[in-house]
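Report on the structure
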Amino acid sequence: MKLLILDRDGVINYDSDAYIKSVEEWIPLPGSIEAIAQLSKAGWTVAVATNQSGIARGYYDLATLDAMHERLRALVAEQGGEVGLIVYCPHGPDEGCDCRKPKPGMLKNIAAHYNVSLTNLWFVGDSLGDLEAAKAVDSQPVLVKTGKGEKTLGKTLPAGTLIFDDLAAIAAELIHN
Ligand SMILES: O=P(O)(O)OC[C@@H](O)[C@H]1O[C@@H](OP(=O)(O)O)[C@@H](O)[C@@H](O)[C@@H]1O
Ligand SMILES: [Mg+2]
Ligand SMILES: [Zn+2]
């Protein structure tokens, strides 16, 4: 099974230091919807693993978060594709949960859902925590330069991290190679 896991903010949609607090603030990055649809139509299952501490912080509620994800699904469907399992961590940094990246709980959850191995499975993110979560379960860390990616590039990356400009470049790589 061809499974790809994506971080959300900064990979699929624009991120903000003020958090993405509403459907109106949830704006796809250029080419990201098309990339997901192309991957889906090429036989890839595209899942999402996203930290959403804004829930714990009271910036937005679960209904709003679900509305953002329905928007994502609708936009990809308009391009003839579909989005797989979307998993989020609603907890705050101090709650000690198992799902908040850089912990790999969400990746494990997604792999178990599809009954696939995490080894070498590509996980695409824009933050160091995304890459560390991948490394923790022997998945392939993949950094995009969108969102916080350029800033993350200045940090020490896990060995073997792959680097791409954006999600469209990743789709081109996976579909045509
Ligand atoms: O990139 P993903 O995982 O999809 O989502 C990141 C968001 O949940 C937010 O994560 C926050 O980090 P803290 O959760 O406050 O450490 C900040 O980085 C925000 O700018 C960002 O919007
Ligand atoms: Mg992100
Ligand atoms: Zn959590």
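A quick note: this is a predicted structure, and the numbers were derived from the prediction, not measured.

For the protein chain, the helix and strand inventory stands at 7 helices and 6 strands. Along the protein chain, helices and strands appear, N-terminal first, in the series β-α-β-α-α-β-α-β-α-β-α-β-α. Oriented by its inertia axes, the alpha-carbon framework of the protein chain measures out at about 45 × 35 × 35 Å. Here the protein chain, with 177 residues, has 42% of them falling under the buried criterion. For the protein chain, long-range pairs separated by at least 24 residues make up 61% of all intrachain contacts whose partners lie at least 6 apart in sequence.

As for its placement among the helices and strands, histidine 91 is situated in the loop between β3 (86–89) and α4 (105–114). Along the primary structure histidine 91 and histidine 176 are separated by 85 residues, whereas in three dimensions their C-alpha atoms are 38 Å apart. Those residues in contact with histidine 91 that lie beyond four places of it in its chain are Ser53, Ala56, Cys97, Cys99 and Arg100.

Let us now look at the site of ligand 1. Around ligand 1, a shell composed of 16 residues is seen, among which Arg8, Asp9, Thr50, Asn51 and Ser53 lie nearest. When its residues are assigned to classes, the shell around ligand 1 shows 3 nonpolar, 8 polar and 5 charged.

What follows concerns the pairing of strand β2 (residues 45–51). Burial analysis of β2 places 6 of its 7 residues in the buried class, the great majority of the element. Pairing between strand β1 (residues 3–6) and β2: 4 bridges, direction parallel. Bridging from a neighbouring strand, leucine 3 pairs with threonine 45 of β2. As a crossover connection, the stretch from β1 through helix α1 (residues 32–41) into β2 is right-handed.

A few words now on α1. In terms of burial, α1 is a largely internal element, 8 of the 10 residues being buried. Those residues of α1 not exposed but buried are Ser32, Ile33, Ala35, Ile36, Ala37, Gln38, Leu39 and Ser40. Tucked into the core, α1 has its buried residues touching β1, β2, α3 (62–78) and α7 (167–176).

With 4 of 5 residues buried, strand β5 (residues 140–144) is to be regarded as a mostly interior element. One ladder, built from 4 bridges, connects strand β4 (residues 122–125) with β5; its direction is parallel. Bridge assignment links glycine 125 to a residue of β5, and that residue is leucine 143. Handedness of the β-α-β unit built from β4, helix α5 (residues 128–136) and β5 comes out right-handed.

What follows covers the nonpolar core. Nonpolar side chains tend to gather and get buried jointly when the protein is soluble and globular. Of all hydrophobic cores here, the largest spans 45 residues; its most connected members are Ile5 and Leu107. It is α1 that provides the largest number of residues to this core, a total of 5 residues. Apart from the residues lying within four places of it in its own chain, the contact partners of isoleucine 5 are Ala47, Ala49, Leu107, Ile110, Leu121 and Phe123.

About the cut-offs
- Residues numbered from 1 in each chain as written.
- Chains lettered and ligands numbered in written order.
- Predicted model: local features only at pLDDT ≥ 70, side-chain atom pairs only at ≥ 80, totals over all residues.
- Helix = DSSP H or I, 4+ residues; strand = E, 2+ residues; numbered from the N terminus.
- Buried ≥ 20, exposed ≤ 12 C-beta atoms within 10 Å, placed from the backbone.
- Contact = placed C-beta atoms within 7 Å.
- Near = placed C-beta within 6 Å.
- Nonpolar A, V, L, I, M, F, W, Y, C, P; charged D, E, K, R; others polar.
- Pairing = 2+ DSSP bridges.
- Right-handed = clockwise from strand over helix to strand, strands pointing away.
- Core = buried A, V, L, I, M, F, W, Y, C linked by C-beta atoms within 7 Å.

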